[in-house]
Each structure stands twice: as C-alpha cells, then as structure tokens.
Amino acid sequence: MKQSNVNDILVNNSNKEMSDMQTKNQVEDPIIQESLLTCIDLANTDLHQSALLLKKACLDSGFFYVINHGISKDVMDNAFEQSKKFFALPLEEKMKVLKNEKHRGYTPLYDQIPDPENQVQGDHKEGYYIGSEVPRDDPQWDRPFYGPNPWPNPDVLPGWRETMEKYHQEALRVCKAIAKLLALSLDLDADYFDSPEMLGKPISTLRLLHYEGKSDPSKGIYGTGAHSDYGMITLLATDGVMGLQICKDRNAKVQKWEYVPSIEGAIVVNIGDMMERWSNGIFRSTLHRVILNGQTRYSIPFFVEPNHDCIIECLPTCQSDNNLPKYPPIKCSAYLTQRYEESHLKFSSYKKQT
C-alpha cells in the first residue's frame with residue numbers, strides 16, 4: 001500500500017458521502033450530563049456483596065468502575081508514556097507495523113467506522129492492537145485471534161514491548177477477578193468462567209488509542225462512533241480527558257447521552273455483547289461513543305473474550321419455560337470475525353484501491 005495517500009483516499013471517500021449521511025443522524029437530547037455509575041472495590045472480601053453491586057450496574061447500563069484493582073500507578077503511567085511515544089513516531093515508521101490478518105498492530109486514522117449510518121468518515125483515532133503473545137510453535141498459533149504480535153523496532157522504542165506485555169498481564173488478571181463477580185451475580189459458581197473452554201485460554205486484546213480533533217455529531221464527525229463492544233468484558237483506562245459517553249436506551253426516540261467522568265485510580269468497565277447473549281438479555285451491553293473537544297486524548301481499552309471454540313449460548317440460570325433463549329448459539333471465533341469485518345469493512349475496501 002502506498003503510505004502517502006492512505007488518508008487522502010479515506011477523506012475523499014468520506015466527503016463523497018457527506019450530503020447523504022447528514023440526514024441520517026439520530027435525534028439527540030442536547031443536554032448531556034455526567035453519568036452516575038456504581039463503583040466496585042475489588043479488594044472487598046465479601047464477594048457476594050460486590051456481586052450484588054455488579055448485578056445492579058449490569059441491569060442498569062453494563063458500565064461501572066473498579067477500584068483497588070491492583071494495577072500499580074507505575075505500570076499504568078509507563079503504558080501511557082510508551083503509548084504516546086509510539087503515536088509520536090512518523091507515519092512511515094508506524095506503518096511498518098500495520099495491522100495484520102491476526103488483528104494485531106497499527107490502525108491509522110479513519111480505519112474503523114462502527115456507526116456507518118451516522119458517521120461521514122471513520123473514527124478520528126489511531127490505534128495499536130496487542131493480543132496474547134502465542135509463539136509459532138504453539139499448536140494453536142494459527143487461530144484467527146492468536147499468534148505473535150508485530151512489535152515496533154526496539155532500537156526506536158526501547159522497553160516498549162516489555163511495558164505492554166506487563167500491562168496486558170495485569171489487565172487480564174483484573175478481568176478474571178471481575179468474571180468471578182459476574183458468575184456470582186448470575187447465580188453461577190464463582191469459577192464458572194475459569195473453565196478451559198472459556199477463560200482458560202482467552203482471546204485478550206490490549207488496544208492503545210490516540211485521538212485528535214473536535215467532534216461534531218450534527219455533521220457525523222466522531223472520535224469513535226456509537227457502538228457496543230463485541231465481547232465479554234472491557235476495561236478502559238484513560239488519561240483523564242473527557243470524551244466517553246453512554247446511551248442507556250439505544251431505542252429511545254430521542255437518545256440521551258451521558259458523559260462518563262474519569263475517577264483517579266479507578267478503571268471504567270463495561271460488559272459486551274457476548275455477556276448480553278450469555279445472560280439472555282438480562283445484562284446490558286450499552287451503546288457508547290467518544291466525543292472530542294479539541295484536546296488530544298489517549299486511552300487504553302482491554303478486551304477479553306473466551307477462547308475460539310467456546311459456544312456462546314444462554315446460561316442455564318438465565319432461561320426457563322417462561323423465558324426461552326433469545327439468541328441462537330454461536331462459536332466465539334465466528335462471532336468475533338463477523339463483528340471485526342463489519343466495523344473495519346470500509347477501510348478494507350479502501351486498502352484494495354491502493
């Protein structure tokens with residue numbers, strides 16, 4: 001691909017759609033307030049109390065905070081510092097680690113368009129996907145979401161890989177602690193999701209994000225377009241710059257969006273579509289987006305899904321004769337592949353033109 005014309009192609013294609021897309025914007029309440037989310041202390045030894053709090057949060061919006069998560073300030077600060085160093089590199093250097101077929105590596109501006117009905121161009125962000133490092137001699141390294149990661153040149157960014165692998169390890173530990181609370185909140189054994197076919201060898205992805213510019217929903221311009229997450233659990237660490245908004249009722253005639261403020265020392269957590277399917281729609285995977293105010297913004301989401309062969313189907317405690325399963329069973333890898341292709345489809349078509 002010719003590196004010099006990537007952004008030109010994306011912008012030109014976006015501009016052609018501008019007039020058509022503007023008429024499709026969802027009607028919104030112009031008043032946007034801060035959301036009041038539940039805060040869960042992961043150091044609380046009363047797991048059932050924490051599970052009740054989590055259940056309340058998942059019934060309401062699927063978004064909550066966790067504190068005392070065990071990720072040290074040094075680990076968090078180092079991850080953000082190294083993230084900023086990568087995104088400050090020249091585009092030519094970043095394109096050397098362009099996202100591969102394993103969904104690992106660098107994603108340029110406008111790569112993703114999660115809300116094509118309301119976006120006139122892709123998200124105003126660039127990113128970097130880092131999955132669980134699986135060596136080539138591993139029997140499962142060739143699965144779609146396993147395999148080795150592309151890494152920036154260590155001579156250019158010394159210590160970068162080690163920093164990200166440390167954060168990945170710590171974030172996965174936090175997700176597994178939250179999974180125990182999710183299990184208890186659904187009247188399952190605490191270790192239900194720890195089974196080999198679920199989180200025994202999970203698909204876990206760290207994503208570094210860098211936002212620039214100013215959003216204008218009336219013109220279809222977003223930091224990240226409205227979407228719900230694909231998987232089971234998402235952790236979100238931010239640099240404190242406001243931007244994340246949630247919409248608890250996506251079907252409302254007038255959508256009401258709320259800002260999710262950052263809290264010092266806390267991580268924002270939300271459940272994804274897989275968890276909604278598992279719970280038979282009891283727990284909510286909520287629509288969210290990023291609205292930029294002109295400030296540079298960095299964030300680090302971390303996504304966890306079960307392993308490739310896990311069948312996502314209604315949990316035994318979430319169905320009855322009067323509450324039959326609402327979603328058909330689907331294999332995790334098939335579901336993720338479908339969702340990735342949908343949200344990255346537009347950029348894929350652009351790449352074929354270069």
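Everything below is about the structure shown above.
Since the model is a prediction, treat every value here as computed from it, not as a measurement.

(A) Seen up close, the overall build of the chain. Scanning the chain from terminus to terminus reveals 8 helices and 15 strands. Relative to its 354 residues, the chain shows a buried fraction of 53%. For the chain, the share of sequence-separated contacts (at least 6 apart) that also reach a separation of at least 24 residues comes to 79%. Surface summary for the chain: the accessible area is close to 15900 Å², and the carbon and sulfur share equals 51%.

(B) Expanded view of the side chain of D229. Residue position: D229 is located in the loop between β7 (224-227) and β8 (233-238). No salt bridge is formed by the buried D229, whose closest oppositely charged neighbour, R339, lies at an N-O distance of 7.4 Å. In this structure the side chain of D229 is engaged in a polar contact, spanning 2.7 Å, whose partner is the side chain of T234.

(C) Geometry of the packing of aromatic side chains. Evaluated as defined, the whole model comprises 11 aromatic pairs. Relative to F87, the ring of F86 has its centre 5.3 Å away and its plane inclined at 75°; by these criteria the two rings are edge-to-face. Between Y128 and W160, the ring centres sit 5.2 Å apart and the planes meet at 70°, which makes this aromatic pair edge-to-face. Of this pair, Y128 sits in strand β5 (residues 125-131) while W160 sits in helix α5 (residues 160-185), placing them 32 residues apart in sequence. Residue Y128 is classed as buried on the basis of its relative accessible area of 0%. Taking the relative accessible area as the measure of exposure, W160 reaches 1% and is therefore buried. Of the aromatic side chains, those joined through ring pairs into one cluster are F86, F87, Y106, Y128, W151 and W160. The aromatic ring of Y146 is capped on one face by K201, whose charged end is 5.5 Å from the ring centroid. For the cation-ring pair, R289 lies above W257, with the distance from its terminal atom to the ring centre recorded as 4.0 Å.

Conventions adopted
Residues numbered from 1 in each chain as written. Predicted model: local features only at pLDDT ≥ 70, side-chain atom pairs only at ≥ 80, totals over all residues. Heavy atoms only, no water. Helix = DSSP H or I, 4+ residues; strand = E, 2+ residues; numbered from the N terminus. Buried < 20%, exposed > 50% of the residue type's maximum accessible area, 1.4 Å probe, protein only. Contact = heavy atoms within 4.5 Å. Areas by Shrake-Rupley, 256 points an atom, 1.4 Å probe, with all protein chains shown as cover. Lys, Arg positive; Asp, Glu negative; His and termini not counted. Salt bridge = Lys/Arg side-chain N within 4 Å of Asp/Glu carboxyl O. Polar contact = N/O pair within 3.5 Å; in protein donor to acceptor, adjacent residues only side chain to side chain. Phe/Tyr/Trp six-rings, centres within 6.5 Å; stacked < 30°, edge-to-face > 60°. Lys NZ or Arg CZ within 6 Å of the ring centre and 35° of its normal.

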